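Residue-level structure breakdown
The lines below spell out each chain.
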Amino acid sequence: MFVNACFEGGGVKGLTYVGAIRFLEERGVQFFKVSGTSVGAIFAALLSVGYNSYEIEKIIEEVDFKLIATRNKLKDGIKNVGLYSIQSLEEKLYELFERKGKTKFIDVKYGNDYLLKIIVTEMKTKQMVVIPDDLPKFGYSRDDFLISKAVAMSCSLPLVFNQYRLSNYIFVDGGVVNNFPIEQVLDSSRPIIGFRLNVDKDTRLINLRNKVFKINKELNINNINIIYLDSLNLKSSQFKKGFERKKELYNLGYTITKNYFLSNLLQ
């Protein structure tokens, strides 16, 4: 069974996605079109180029914490308004995508559309930018744009990571404008799964439903599944603590997704 999926941003809390993805894989679920912001963009991109949960877990096991939190020199940190450099992460992602032979958006193109949608924020206007769809507005080719570059742009959390500069534009974390871009994967032909990290589902679910159906008035979409993943009350930027508890996060993601699946009989 193929599904479309959206992965919310949330820093280190996104490690729960490993378990969630694994459970779905065990049920024969395959990911078709995916979207994400920040850490959600990382997972969406890895799935889109062909990685599975076991491969992603191995990647996480091999990642040096310093890769994620390479501190800028003082003058660079002030200039780019961020404590840490995003360059090391971008280089590692390119290497991972290259292993699968899919480094550019043309490699995840399906017909006239793309199976991967990544959200970033254009800093000056606070405008939401969907990559690759909106790239021509900034003078870039959709097909030739590097997936690793798009993911790094989406992960550039203000004040934590440096701003991402392209030509005369400055981009930062997509979560500034849209941390849960489920509208990018809405499709009446297959089930849709949205993964959220530590949100108050009682107060936000109504707003989410309004968002989904306002954008898609003409689509008959009934099978939208929102799975709320617990993440041990970790803060998004608690990378060290999160990595120390990654096994717990994997297990939580697996168990919560399993319980949702059994309770709601995901079709």
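Scroll up to find the structure this text is about.
All of the points below concern the structure found in this document.

How each quantity is defined
Residues numbered from 1 in each chain as written. Predicted model: local features only at pLDDT ≥ 70, side-chain atom pairs only at ≥ 80, totals over all residues. Heavy atoms only, no water. Phe/Tyr/Trp six-rings, centres within 6.5 Å; stacked < 30°, edge-to-face > 60°. Helix = DSSP H or I, 4+ residues; strand = E, 2+ residues; numbered from the N terminus. Buried < 20%, exposed > 50% of the residue type's maximum accessible area, 1.4 Å probe, protein only. Lys NZ or Arg CZ within 6 Å of the ring centre and 35° of its normal. Salt bridge = Lys/Arg side-chain N within 4 Å of Asp/Glu carboxyl O.

Some thoughts on the packing of aromatic side chains
Counted by the stated rule, this structure contains 14 aromatic pairs. When the centroid spacing of 5.5 Å and the interplanar angle of 75 degrees are considered together, the rings of F23 and F261 count as edge-to-face. Linking F23 in helix α1 (residues 16-26) with F261 in helix α10 (residues 246-264), this pair joins segments that are 238 residues apart in sequence. F261 shares its class with F23; the two are buried. Centroid distance Y169 to F171: 6.4 Å. Interplanar angle 40 degrees. Geometry classified as tilted. By relative accessible area, which is 2% here, F171 ends up buried. Each member of the aromatic cluster is reached from another via a ring pair, and the members are F7, Y17, F31, F43 and F195. Its guanidinium or amino end placed over the ring of Y54, R22 lies 3.8 Å from that ring's centre, counting from NZ or CZ. The ring of F180 is capped by R196, whose NZ or CZ atom sits 4.3 Å from the centre of that ring.

Comments concerning the pattern of salt bridges
This structure, assessed with the given rule, holds 15 salt bridges. Among the ionic pairs, K92 bridges to E95, the shortest N-O distance being 3.4 Å. Linking K92 with E95, this pair stays in helix α6 (residues 87-99), spanning three residues, or about one helical turn. What makes E95 partly exposed here is its relative accessible area of 35%. Residues participating in the shared-partner salt-bridge network are R22, E57, E61 and K247.

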